[in-house]
Amino acid sequence: MNYIPITDLNLPSLLIYKQLRDKAFTNDNSFIADSPKVINKLLKSDLEVKSILATQEYYDEFHDLVSAKNISHLYLADKSLMQEIVGHKVHHNAMMHGIRPANISLENLGSHIIMLDEISSTENIGSIARSAAALGVTSYLLPSQGPHPYQRRALRVSMGHISLLDVHIYHNIFETISTLQKKGYHILAAEVTKESISLAQIKVPDKWVLLMGHEGKGISQDILNVCNQVVKIEMEDGIKSFNVAVAASIMMYHFRNTSKALNIPL
């Protein structure tokens, strides 16, 4: 592989590593990922990779994986130089500049979908993505006004497993729910109400969408009114709720394993 030793910290193609903070993207949908575990998972996907900025140790250890991707710019620097380039302390020995994948259309999503309403925590976005990938729920719907799953911290928390999911970013939740219902999906909202059905008693449909709400506010009544059913996890008295990522994981596990037991196509 032909490495590019860093001799000029102000190379235009290097500035993106400094300019792209956690919530930033460029017009071409560029993103920055860091840590070998995350980068290596992304390298195994079909994502477009523009460059890698890493130490010789990283390139030596993962030579075969990097070379298989045929990346045009492989920048070489030690950790102290990497820190000068990005402008803050670097905890890992590799960073990557990639391009977010195109939005997957609703028509091309799987039978089982995890959908978020107004999740505000980037960490929860990443955690839910990691659980979805682990449990085989391969379609992920998120609102355009919230954190993106390819933001740096979300990528890190997901350990790069977001690359295994089909991601659709929607703009209007009511229109999106209506479209999904017309395509045969059953929308199951996770919320504690008087009408909520206990998770153990829910009848799992062939095609389902699990809708998770805001960490504090939950799901509004207007949205609950257009969902097919509302489901809750049984909890001990005095316990109000689970963390949203934990709740999503429990529900996805239950839905998926019920589907498997009933031989429902995935």
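Our structure is the block above this text.
Note that the structure is a prediction, hence the values are computed from the model and not measured.

K.L.:
I would appreciate a short explanation of the sheet that holds strand β5 (residues 94–99) in the present structure.
P.N.:
By definition, the strands of a sheet pair up through backbone hydrogen bonds, in either a parallel or an antiparallel sense. Within the open sheet, the five strands sit side by side as β1-β4-β3-β5-β2. Their pairing is mixed. Since the sheet does not close on itself, it has two edges, and those belong to β1 (4–5) and β2 (30–34), each with one partner. Helix-sheet contacts for helix α2 (residues 36–43) involve β2, β3 (48–54) and β5, and the interaxial angle to β2 is about 130°.

K.L.:
Hey, could you run me through a negative patch on the surface in this one?
P.N.:
A grouping of Glu57, Asp60, Glu61, Asp78 and Glu84 is seen on the molecular surface, where their side chains present a negatively charged patch. Ranked by residues supplied to the negative patch, first place goes to helix α3 (residues 56–61) with three residues. Relative to the helices and strands, Asp78 is located in the loop between β4 (73–76) and α5 (79–86).

K.L.:
What should I look at first to understand the environment of Phe242 in this one?
P.N.:
Take Phe242: it is sitting in the loop between β12 (229–232) and α10 (244–261). On a C-alpha basis, the gap between Phe242 and Glu215 in space is 9.4 Å, while along the polypeptide they are 27 residues apart. The contacts of Phe242, once residues within four sequence positions are left out, are Ile233, Met235, Ala247 and Ile250.

K.L.:
Which parts of the structure should I look at to understand the layout of surface pockets?
P.N.:
Empty pockets left among the atoms are what a rolling probe the size of a water molecule brings to light. Each pocket or cavity is described by its volume, and for the largest pocket that value is around 540 Å³. Around the largest pocket, the lining is made up of 25 residues, and of these Glu191, Val192, Lys240, Ser241 and Phe242 lie nearest the centre. Counting residues per element, the lining of the largest pocket draws most heavily on α10, at three residues. Looking at the lining of the largest pocket, its residues break down into eleven nonpolar, seven polar and seven charged.

K.L.:
What's the story with the packing of aromatic side chains in this structure? I'm lost.
P.N.:
The geometry of an aromatic ring pair is captured by two quantities: the separation of the ring centres and the angle between the planes. For the structure on display, the rule yields five aromatic pairs. Geometrically, the ring pair formed by Tyr3 and Tyr59 is tilted, given 4.5 Å between the ring centres and 35° between the ring planes. Here Tyr3 is found in the segment before β1, whereas its partner Tyr59 is found in helix α3, with 56 residues between them in sequence. Overall, the relative accessible area of 23% leaves Tyr3 in the partly exposed class. For Tyr59, a relative accessible area of 0% corresponds to the buried category. Judged by centre distance (5.1 Å) and plane angle (65°), the ring pair of Trp208 and Phe255 falls under edge-to-face. Taken together, the positions of Trp208 in strand β11 (residues 208–212) and Phe255 in helix α10 put the pair 47 residues apart, joining distant regions of the chain. The class of Trp208 is buried, set by a relative accessible area of 0%. Residue classification places Phe255 among the buried residues on the basis of a relative accessible area of 0%.

K.L.:
Quick question: what am I supposed to make of the environment of Ser196 here?
P.N.:
Along the chain, the position of Ser196 falls in the loop between β9 (186–190) and β10 (197–198). Look past the residues within four positions of Ser196 in its chain and what remains in contact with it is Glu191, Val230, Val231 and Lys232. Among the polar contacts made by the side chain of Ser196, one reaches the main-chain carbonyl oxygen of Glu191 at a distance of 2.6 Å. Reaching out from Ser196, the side chain makes a polar contact with the backbone nitrogen of Thr193 at a distance of 2.8 Å.

K.L.:
Would you take a moment to explain the pairing of β5 for this structure?
P.N.:
Successive side chains on a regular strand alternate, one facing one side of the sheet and the next facing the other. Counting buried positions over the six residues of β5 gives six, a clear majority of the element. The two faces of β5 match: Ala94, Met96 and Gly98 on one face and Met95, His97 and Ile99 on the other face are all buried. Here β2 pairs with β5 via five bridges, running antiparallel. Paired with Phe31 across the strands is Gly98, a residue of β5.

K.L.:
How should the pattern of salt bridges be read in this particular structure?
P.N.:
Evaluation of the coordinates by the stated rule reveals six salt bridges. A salt bridge links Asp34 to Arg152, with the nearest nitrogen and oxygen atoms 3.3 Å apart. Within this pair, whereas Asp34 is found in strand β2, its partner Arg152 is found in helix α7 (residues 152–158), the two being separated by 118 residues in sequence. Residue class for Asp34 comes out buried when judged on its relative accessible area of 10%. Among the salt bridges present, the one from Lys217 reaches Glu118, with a minimum N-O distance of 3.2 Å. In this pair, Lys217 is assigned in the loop between β11 and α9 (221–224) and Glu118 in the loop between β6 (112–116) and α6 (122–135), connecting sequence segments 99 residues apart. What makes Glu118 partly exposed here is its relative accessible area of 36%.

Criteria and cut-off values
Residues numbered from 1 in each chain as written. Predicted model: local features only at pLDDT ≥ 70, side-chain atom pairs only at ≥ 80, totals over all residues. Heavy atoms only, no water. Pairing = 2+ DSSP bridges. Helix = DSSP H or I, 4+ residues; strand = E, 2+ residues; numbered from the N terminus. Contact = heavy atoms within 4.5 Å. Axes fitted to C-alpha atoms, helices over the stretch in contact; angles between N-to-C directions. Patch = residues over 30% accessible without salt bridge, like charges linked within 9 Å, V, L, I, M, F, W, Y side chains within 5 Å. Areas by Shrake-Rupley, 256 points an atom, 1.4 Å probe, with all protein chains shown as cover. Salt bridge = Lys/Arg side-chain N within 4 Å of Asp/Glu carboxyl O. Lys, Arg positive; Asp, Glu negative; His and termini not counted. Charge placed at Lys NZ, Arg CZ, Asp CG, Glu CD. 1 Å grid on protein atoms, 1.4 Å probe; cavity = no way out; pocket = protein on both sides within 12 Å on 5 of 7 lines; lining within 4 Å. Points joined across faces, edges and corners; volume = space filled by probe spheres on them. Nonpolar A, V, L, I, M, F, W, Y, C, P; charged D, E, K, R; others polar. Phe/Tyr/Trp six-rings, centres within 6.5 Å; stacked < 30°, edge-to-face > 60°. Buried < 20%, exposed > 50% of the residue type's maximum accessible area, 1.4 Å probe, protein only. Polar contact = N/O pair within 3.5 Å; in protein donor to acceptor, adjacent residues only side chain to side chain.

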